[in-house]
Amino acid sequence: MKLSRILLTTAAALALSLGSVQAKEVKKLGLAVANLQANFFNQIKQAVEAEAKTRGITVVTVDAKGDGPTQVNQIQDLLTQNIDALIYIPAGAAAASIPVKLAHQADVPVINVDRNADGAPGDTFLATDSVASANAVCKHIIEKAGGKGNMVIIHGQKGTTPEVDRTKGCMDAVKANPGVKIVAEQWSNMWSQDEGFQIMQNMLQAHPDVSIVFAQADGLALGAAQAIKVGNPSQKIVVGGFDGDTAALEALKNGVFDVTATQQTQKMGRTAVDMAVKIVGGEKVPPVQLMDATLTTKDNVEGFIANHP
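Residues numbered from 1 in each chain as written. Predicted model: local features only at pLDDT ≥ 70, side-chain atom pairs only at ≥ 80, totals over all residues. Heavy atoms only, no water.

Okay, the overall build of the chain next. Along the backbone of the chain there are eleven helices and twelve strands. For the chain, the spread of C-alpha atoms along the three principal axes comes to 95 × 35 × 35 Å. For the chain, buried positions account for 51% of its 309 residues. For the chain, the share of sequence-separated contacts (at least 6 apart) that also reach a separation of at least 24 residues comes to 75%. Working note: accessible area of the chain is about 14,300 Å², and carbon and sulfur atoms make up 52% of it. (Helix = DSSP H or I, 4+ residues; strand = E, 2+ residues; numbered from the N terminus. Buried < 20%, exposed > 50% of the residue type's maximum accessible area, 1.4 Å probe, protein only. Contact = heavy atoms within 4.5 Å. Areas by Shrake-Rupley, 256 points an atom, 1.4 Å probe, with all protein chains shown as cover.)

Now the structure itself:
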């Protein structure tokens, strides 16, 4: 009888001990961002930090400024700072898997946001459904151009998750419209406005009769629109972007370009913190979580300027 009681007491203590391990609390998060010069990433950063603050969690943020090797070094340093989880936006495709492997070796869970690491995914991946959203943007600009015309694509950083998915979604729309011909494509390195301007200038010189532009980020779209204004072509050129950056939404309102897909950046940031808390606490979460973006034109942009999702 005594032995039974001892065994029961030991089992109960063990269960309590295991429960406390599973219910470990998050006190410090590492946030590794690809490039804080981009409004999109800044919005996610702000949302992560705001959500963490409400939960009493410290966030240590590092900015790779678009450089993969720099980000690897930054994350190695974060892992020495006793972080409980890593929220990770890869700076590029080439070395994206290294930080995930390093974190997992240190028993630190990884929440990937916007970009996944090929061959070494994190514990969960949060992103916009870029295939569906890019498809909607390209359908819109093709329809606005009358269903036909010469089209150019200004890609994001080659091989990254959003670049690959936005290309697929747009190409599905192009294939459904035989009157559209893609006459030029070029990849950017930083998804930036300066790159969009330079790329579009070159494309206009080589293809002066272009009438449709899909730029895979709003920065690229704003640069392309600027180049079109400077080039002053005789034909109307329809320009589509992607992201719903705050400056771009104002530009969209003013007719600078035609359409974007507004991503739920605030929700992404909040969800990333929530996933970190759940994973560290022992809960199972879905490996991939895709969110909708909203097709945004001059007609509905005011709501997103007033309250970004």
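There's plenty left to go through after this.
Quick look at the sheet that holds strand β7 (residues 180-188) now. A sheet is described by the order of its strands in space; here four strands give the open sequence β7-β6-β8-β9, paired in parallel fashion. Unpaired on one side and paired on the other, β7 and β9 (238-240) mark the two borders of the sheet. Strand-to-strand twist of the sheet, defined as the mean angle between neighbouring strand axes without regard to direction, takes the value 15°. Judged from the eight bridges that link them, strand β6 (residues 149-157) and β7 form a sheet pairing that is parallel. Within β7, the position partnered with Met-151 by the bridge is Ile-182. Across the sheet, helix α5 (residues 130-144) lies against β6, β7, β8 (210-215) and β9, angled at about 165° from β8, the strand it touches most. (Pairing = 2+ DSSP bridges. Axes fitted to C-alpha atoms, helices over the stretch in contact; angles between N-to-C directions.)

All right, on to α5 then. Between its first and last C-alpha, α5 extends 21 Å over 15 residues, near the 21 Å set by a 1.5 Å rise per residue. Taken together, the buried positions of α5 are Ser-130, Ser-133, Ala-134, Asn-135, Val-137, Cys-138, Ile-141 and Ile-142. Within two residues after α5, Gly-146 carries a phi angle of roughly 85°, on the positive side. (Expected span 1.5 Å × (residues − 1).)

Before going further, it helps to spend a moment on the side chain of Thr-262. Along the chain, Thr-262 turns up in strand β10 (residues 260-262). Judged by relative accessible area, which is 1%, Thr-262 ranks as buried. Here Thr-296 takes part through its side chain, which lies 2.7 Å from a polar atom of the side chain of Thr-262. Discounting residues that sit within four places of it in the chain, Thr-262 has contacts with Asp-243, Gly-244, Leu-249, Ala-293, Thr-294, Thr-296, Phe-304, His-308 and Pro-309. (Polar contact = N/O pair within 3.5 Å; in protein donor to acceptor, adjacent residues only side chain to side chain.)

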